[in-house]
Amino acid sequence: MSAVQRVLMVCTANICRSPTAEAVLRHRVQQAGLHGRIVVDSAGTRASHELSHAPDPRSIAHAARRGYDLTTLRSRPVVLADFHRFDLIVPMDRTHLDHLATHAPADAQAQVRLLMSFAPLGSGDVVPDPYYGSAPGFEHVLDLVELACDGLLEYLYSPQGAR
């Protein structure tokens, strides 16, 4: 891998799943000694254009227990420039995938793949939204995101992931 890889995690409001995925992948990148070679951000398909919101306090708390810091992250919407600025856009579920496909400009350069496509077979297809649930949902999101981010980091190392 020679060039800087830019990865954008995407969920709905950019307050639960995508900031969690951003923090986990950043942590994995740091552990692998690739800081500066893989850049990670997150955005939402319905994130507020006017206000930058902190991640959900439950996401922050559960992630912190596993050593991930979400406190400095702020929500933002997916914008058209993201399709040119990022090499890989990674939605959490099919509604995000459909939204991105519908809104992608014709000359979009980013590859778009579901996060769970990087997880081992049988791990599930999507990262479910924990927002309306309880603590186990946030833990399940972390389990899935950690599993998929391991595969994503491996993919970024591979010839098909390098740009």
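Residues numbered from 1 in each chain as written. Predicted model: local features only at pLDDT ≥ 70, side-chain atom pairs only at ≥ 80, totals over all residues. Heavy atoms only, no water.

(A) Structural view of the overall build of the chain. Looking only at helices and strands, the chain features 5 helices and 4 strands. Each helix (α) and strand (β) of the chain, taken in turn from the N terminus, gives the series β-α-β-α-α-β-α-β-α. Seen along its three principal axes, the alpha-carbon backbone of the chain occupies a region of about 40 × 35 × 30 Å. Out of the 163 residues belonging to the chain, those deemed buried represent 46%. (Helix = DSSP H or I, 4+ residues; strand = E, 2+ residues; numbered from the N terminus. Buried < 20%, exposed > 50% of the residue type's maximum accessible area, 1.4 Å probe, protein only.)

(B) Region of the structure containing the packing of aromatic side chains. Within the structure shown, the criterion is met by 2 aromatic pairs. Relative to Tyr155, the ring of Phe118 has its centre 5.1 Å away and its plane inclined at 55 degrees; by these criteria the two rings are tilted. Separated by 37 residues along the polypeptide, Phe118 in the loop between strand E4 (111-112) and helix H5 (135-157) and Tyr155 in helix H5 bring together distant segments of the chain. Its relative accessible area of 8% is what places Phe118 among the buried residues. (Phe/Tyr/Trp six-rings, centres within 6.5 Å; stacked < 30°, edge-to-face > 60°.)

(C) Expanded view of the packing of helix H2 (residues 57-65) against H5. At a minimum axis distance of 10 Å, the contact between H2 and H5 shows a crossing angle of 55 degrees. Comparing the axis directions of H2 and H5 gives the class oblique. The two elements H2 and H5 meet at a crossing, and its hand is right-handed. Residues Arg58, Ser59, His62, Ala63 and Arg65 of H2 lie in contact with H5, whose contacting residues are Ala135, Phe138, Glu139 and Leu142. Residue composition of the contact of H2 with H5, grouped by class: 4 nonpolar, 2 polar and 3 charged. (Axes fitted to C-alpha atoms, helices over the stretch in contact; angles between N-to-C directions. Parallel < 35°, antiparallel > 145°, perpendicular 65-115°, else oblique. Left-handed = near helix turned anticlockwise from the far one by under 90°. Contact = heavy atoms within 4.5 Å. Nonpolar A, V, L, I, M, F, W, Y, C, P; charged D, E, K, R; others polar.)

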